[in-house]
Amino acid sequence: DTMNHRVIEIKKGGGYSVVAGSGERGWVDGFGQNVRFSFPTAISVDSRNNIYVSDTMNHVIRVITEHGRGKPTQTKTVVGTGFPGFQDSRQPEHDQNPLGTSVQRLFKKVHDLR
């Protein structure tokens, strides 16, 4: 839900639920809907159902993990410092605008949210 700064799950048969994000733009790690994103644009899910999110305008990649049924998800930053560019020519510390590029490097299947 890029323009609403959150990650949602679309339900079979209609409707959706918010996985993470308050709907307010920003960069805040935390739990459930207390988290803030800035234009999340791509996701990838690993074998443990962790969701990796390209948080584009924050120039970071975030991971959303589950903490059991009925408990809120946890979101934390795993790549990036919030500044565009690279640490050096070989090792990206942060992406210019991670529109799924770095997420795609980590995982084969990327879902574009645009």
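Small disclaimer: the values here were computed from a predicted structure and weren't measured.

**Remarks on the nonpolar core**
- Membership of the largest hydrophobic core is limited to nine residues, which are Val7, Val19, Ala20, Val35, Phe37, Ile43, Ile51, Val53 and Ile64.
- Of all the secondary-structure elements, those providing two or more residues to this core are strand E2 (16–20) and strand E5 (51–55).
- Residues contacting valine 19, with those up to four places away along its chain left out, are Val7, Ile8, Glu9, Gly32, Ile51, Ile64 and Thr73.

**Topic: the confidence of the model for the chain**
- With 73% of its residues at a pLDDT of 70 or more, the chain has an overall mean of 80.
- When mean pLDDT is taken per element in the chain, strand E3 (residues 30–31) scores highest with 95 and strand E8 (residues 111–112) scores lowest with 47.
- Here residues 109–114 scores under 50 on pLDDT; set against residues more than four positions off or in separate chains, the count is 20 contacts.

**Topic: the pattern of salt bridges**
- Scanning the model with the defined rule gives five salt bridges in all.
- Among the ionic pairs, glutamate 24 bridges to arginine 36, the shortest N-O distance being 2.9 Å. Of this pair, glutamate 24 sits in the loop between E2 and E3 while arginine 36 sits in the loop between E3 and strand E4 (40–45), and the two are twelve residues apart along the sequence.
- The partner of aspartate 55 in a salt bridge is arginine 62, and the shortest N-O contact between them spans 2.5 Å. With respect to class, aspartate 55 is no different from arginine 62; both count as buried.
- Salt bridges here are not isolated pairs; linked through shared partners, they connect Asp29, Asp55 and Arg62.

**Here we look at the pairing of strand E6 (residues 60–65)**
- Taken across its six residues, E6 has six buried, putting it largely inside the fold.
- Of the strand pairs in this sheet, E5 and E6 are connected by five bridges, and their pairing is antiparallel. Residue pairing in the sheet places tyrosine 52 in a bridge with valine 63 of E6.
- The hairpin turn running from E5 into E6, its antiparallel successor, is four residues long, and histidine 59 in that turn takes a positive phi close to 60 degrees.
- Sheet topology places E6 next to strand E7 (residues 74–79); five bridges connect them, and they run antiparallel. Bridge assignment links isoleucine 64 to a residue of E7, and that residue is threonine 75.

What counts, and where the lines are drawn
Residues numbered from 1 in each chain as written. Predicted model: local features only at pLDDT ≥ 70, side-chain atom pairs only at ≥ 80, totals over all residues. Heavy atoms only, no water. Core = buried A, V, L, I, M, F, W, Y, C linked by side-chain atoms within 4.5 Å. Buried < 20%, exposed > 50% of the residue type's maximum accessible area, 1.4 Å probe, protein only. Helix = DSSP H or I, 4+ residues; strand = E, 2+ residues; numbered from the N terminus. Contact = heavy atoms within 4.5 Å. pLDDT = per-residue confidence, 0-100. Salt bridge = Lys/Arg side-chain N within 4 Å of Asp/Glu carboxyl O. Pairing = 2+ DSSP bridges.

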